[in-house]
Amino acid sequence: MQNMLKTKAKNFFFVLGMLCLLLFCIRMWVVLTFGEIHILQILWHIEKAHTLTGFDQNITLHFCLAMGICLALCWLWYRLFYKRKFLKEKTFDHFFSFLIVLFCFFVSYDMYHTFAFEEFIKMEQAEYDEKKDFFLHHYSVPKSEDVVFEHKNNLIIILLESFAANLRVTEDDTTCYIPRLETLYTKYQHHGQLINCTGSTWTIGALTSWFFGVPLKLPYGVDKNKYLTESFLPHATSIFDIIAENGYANYLFLGSYAKFAGMNYLFKRGNFTIYDSKYFEEQGKINEENTSEWGVRDFFLYDEVYKKYLELRMQDTPFVLFMQTIDTHFPGYCSEEKRKYGDIRDSWLDADGMLYDFMQKMVPFIEQDNVTILIFGDHTPMGKTLAANRKSPLFNLFAGKNAPQIPADKLTQKINPMDIAPTILQAAGAKWNNNQFGLGISIFSEDKSFSETEGIEQLDEKLLYYSKFYDKFF
């Protein structure tokens, strides 16, 4: 009987060790590939596993390599456990039991902090109280018929991947990595207090805020999210629904594959024509010089957007050109001849030059044409520089003779990505009975953002709290 219990205990600790090794290897692959991402981001992709399509083959190979390392470690673990000849049974009982418990504690503690499990647990454990449902009491969108376009401005919207205003690799790093872009602050409008809120700290979350004026939250319970068979947040109103209804032709230029993370479903809102890596591949425009592990390089996209603008500017139909950069995604991509540091800083310097050059090419059109250019970083950098950039405001720029003015008082107030939704709509020339869309308050208005009235940390707490009202969007 005693031997049977010992055998069961031994097998239990062996399996526990194997599971810890598997989790550790998966954790290492996720962090090395994507950076220290939020648990809600991981759960989003797990729930919609087939939205992970679009990976470069190298990323898939890296995953296979990680699993190969895991198998090697598991084999070594097995040898130590069952084939050892240098340890006595009594030594096993003490040493290996302690080692396994210590390793389990280390892996659990590391993953708990790396992927921000604390916020998820807090959200799941909270009992619903209608009085605390921030969305229920503050969400507001205009009816489509109440939105009036006094004039229709063409828009170029550029999403800068993982791009903060004060990029740094350590907290005491004072190097300026975007010197050319900073010279544009005196020429065009810029807001220095755009800070991420809960649910907007990764690309699809930030875009949800831009489209709907609300952050991306997971539905409560299993299989509640039906957007893949209908539309992205099918029961929420998007600014691009309204823009499309008012005769705009909308185009998305994307370096990666549009199916990744459900991006293609999001951009169905507004009937966007999508030019992604798959499209460019089918057109025979892909080669070794203009691609990276994540897809088509940014210099190629800037050229494609510029060509499309030249094509559309002479037409009567108003349009939106929406471009997403990709080179500054962790770990950063830069042509070898331009490398200076050998890390993500090279991609920052390269992005600085590419966007500046694009803006210089657009100067005649900014001054003469009916076009407004809106540029925003989607979130702060991930990976090794996450901690150093966590509190940095996001890069942004507003250029165009018809762009509304940001009130002077607003420049010192905190704003968030949800505020970008009504800002885009007003930049297009729209007006309605207030300056709010969803939970976003237009940056062009004197009304204060919820980040300012509630406080940044307090707003994050309220957005994290479960909302029955938000669940209706699914």
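Residues numbered from 1 in each chain as written. Predicted model: local features only at pLDDT ≥ 70, side-chain atom pairs only at ≥ 80, totals over all residues. Heavy atoms only, no water.

### A closer look at the overall build of the protein chain
- Tallying secondary structure elements over the protein chain gives 18 helices and 12 strands in all.
- Within the protein chain, the proportion of its 474 residues that are buried is 55%.
- A total of about 22,200 Å² of accessible surface is found on the protein chain, and carbon and sulfur atoms cover 55% of it. (Helix = DSSP H or I, 4+ residues; strand = E, 2+ residues; numbered from the N terminus. Buried < 20%, exposed > 50% of the residue type's maximum accessible area, 1.4 Å probe, protein only. Areas by Shrake-Rupley, 256 points an atom, 1.4 Å probe, with all protein chains shown as cover.)

### Structural notes on the packing of aromatic side chains
- Applying the stated criterion across every chain, the model contains 34 aromatic pairs.
- Aromatic side chains Phe135 and Tyr470 sit 5.2 Å apart centroid to centroid with 70° between the ring planes, which places their arrangement in the edge-to-face category. With Phe135 in helix H6 (residues 134-138) and Tyr470 in helix H18 (residues 468-471), this residue pair connects regions lying 335 residues apart in the sequence.
- Relative accessible area serves as the criterion here: at 1%, Phe135 is assigned to the buried category.
- Tyr470 gets classed as buried once you look at its relative accessible area, which sits at 1%.
- A centroid spacing of 5.7 Å and a plane angle of 80° characterise the contact between Phe469 and Phe473, whose relative ring orientation is edge-to-face.
- Note on Phe473: relative accessible area 4%, which makes it buried. (Phe/Tyr/Trp six-rings, centres within 6.5 Å; stacked < 30°, edge-to-face > 60°.)

### Here we look at the pairing of strand E2 (residues 154-160)
- In terms of burial, E2 is a largely internal element, 7 of the 7 residues being buried.
- Burial of E2 is two-sided: the residues Asn154, Ile156, Ile158 and Leu160 facing one way and the residues Leu155, Ile157 and Leu159 facing the other way are all buried.
- The pairing of E2 with strand E7 (residues 319-324) spans 5 bridges and is classified as parallel. Following the sheet pairing, Ile157 is matched in E7 by Phe322. (Pairing = 2+ DSSP bridges.)

### A few points about helix H13 (residues 344-368)
- Between its terminal C-alpha atoms H13 stretches 37 Å, which fits the 36 Å expected from 25 residues at 1.5 Å a residue.
- Residue Met362 marks the point of greatest curvature in H13, where the axis turns by about 50°; the proline Pro364 follows within four residues.
- Most of H13 sits inside the fold, with 18 of its 25 residues counted as buried. (Expected span 1.5 Å × (residues − 1). Bend = angle between axes of the 7 residues up to and from the residue.)

### Some words on the sheet that holds E7
- What the 6 strands build is an open sheet, ordered E4-E3-E7-E2-E8-E9; its pairing is mixed. Where the open sheet ends on each side, the last strands, each with one partner, are strand E4 (273-275) and strand E9 (396-399). Across the sheet, the axes of successive neighbouring strands diverge by a mean angle of 10°, strand direction being ignored.
- The sheet contact formed by strand E8 (residues 371-377) and E9 spans 4 bridges and is antiparallel. From the neighbouring strand, Phe376 faces E9, where its bridge partner is Asn396. (Axes fitted to C-alpha atoms, helices over the stretch in contact; angles between N-to-C directions.)

### Comments concerning a negative patch on the surface
- A contiguous patch of negative charge, built from Glu288, Glu289, Glu336 and Glu337, is present on the exposed surface.
- In this structure, Glu288 sits in the loop between helix H11 (277-282) and strand E5 (291-292).
- On the basis of relative accessible area, Glu288 is assigned to the exposed category, the value being 78%. (Patch = residues over 30% accessible without salt bridge, like charges linked within 9 Å, V, L, I, M, F, W, Y side chains within 5 Å. Salt bridge = Lys/Arg side-chain N within 4 Å of Asp/Glu carboxyl O. Lys, Arg positive; Asp, Glu negative; His and termini not counted. Charge placed at Lys NZ, Arg CZ, Asp CG, Glu CD.)

### Re a nonpolar patch on the surface
- On the surface, Leu65, Ile69, Leu73, Trp75 and Leu76 cluster together to form a nonpolar patch covering roughly 500 Å² of accessible area.
- Topologically, Ile69 is positioned in helix H3 (residues 57-82).
- Among the residues examined, Ile69 registers a relative accessible area of 45% and is labelled partly exposed.

### With respect to the confidence of the model for the protein chain
- Confidence in the prediction of the protein chain, expressed as mean pLDDT, is 85, and 82% of residues score 70 or more.
- Overall, residues 220-230 carries pLDDT values under 50, and its contacts beyond four positions in sequence, including any with other chains, amount to 26 contacts. (pLDDT = per-residue confidence, 0-100. Contact = heavy atoms within 4.5 Å.)

### Observations regarding the pattern of salt bridges
- Under the defined criterion, the tally for this structure stands at 13 salt bridges.
- Of the charged contacts in the structure, one is a salt bridge between Lys285 and Glu304, with a shortest N-O distance of 3.3 Å. A residue pair is termed long-range when its members are at least 10 positions apart, and Lys285 in the loop between H11 and E5 and Glu304 in helix H12 (residues 298-312) qualify at 19 residues.
- Overall, Glu304 belongs to the buried group, its relative accessible area being 10%.
- In this structure, Glu311 and Lys308 form a salt bridge, with 3.3 Å as the shortest nitrogen-oxygen distance. Taken together, the positions of Glu311 and Lys308, both in helix H12 and 3 residues apart, correspond to about one turn of that helix.

### Things to note about the environment of Ser209
- Topologically, Ser209 is positioned in helix H8 (residues 203-212).
- Accessibility expressed as a relative area gives 0% for Ser209, which makes it buried.
- Separated by 229 residues in the primary sequence, Ser209 and Gly438 have C-alpha atoms spaced 8.8 Å apart.
- Residues in contact with Ser209, not counting those within four places in the same chain, are Ser200, Val214, Pro215, Pro417, Met418 and Ala421.

### Concerning the side chain of Asn389
- By the secondary structure assignment, Asn389 is in helix H14 (residues 386-389).
- Given a relative accessible area of 0%, Asn389 falls into the buried group.
- From its side chain, Asn389 meets the backbone oxygen of Arg168 in a polar contact 2.7 Å long.
- The residues touching Asn389, leaving out its near neighbours within four places in the chain, are Ala164, Asn166, Leu167, Arg168, Trp348, Thr380 and Pro381. (Polar contact = N/O pair within 3.5 Å; in protein donor to acceptor, adjacent residues only side chain to side chain.)

### Remarks on H8
- Of all 10 residues in H8, 10 are buried, a share of seventy percent or more.
- Among the residues making up H8, those that are buried are Thr203, Ile204, Gly205, Ala206, Leu207, Thr208, Ser209, Trp210, Phe211 and Phe212.

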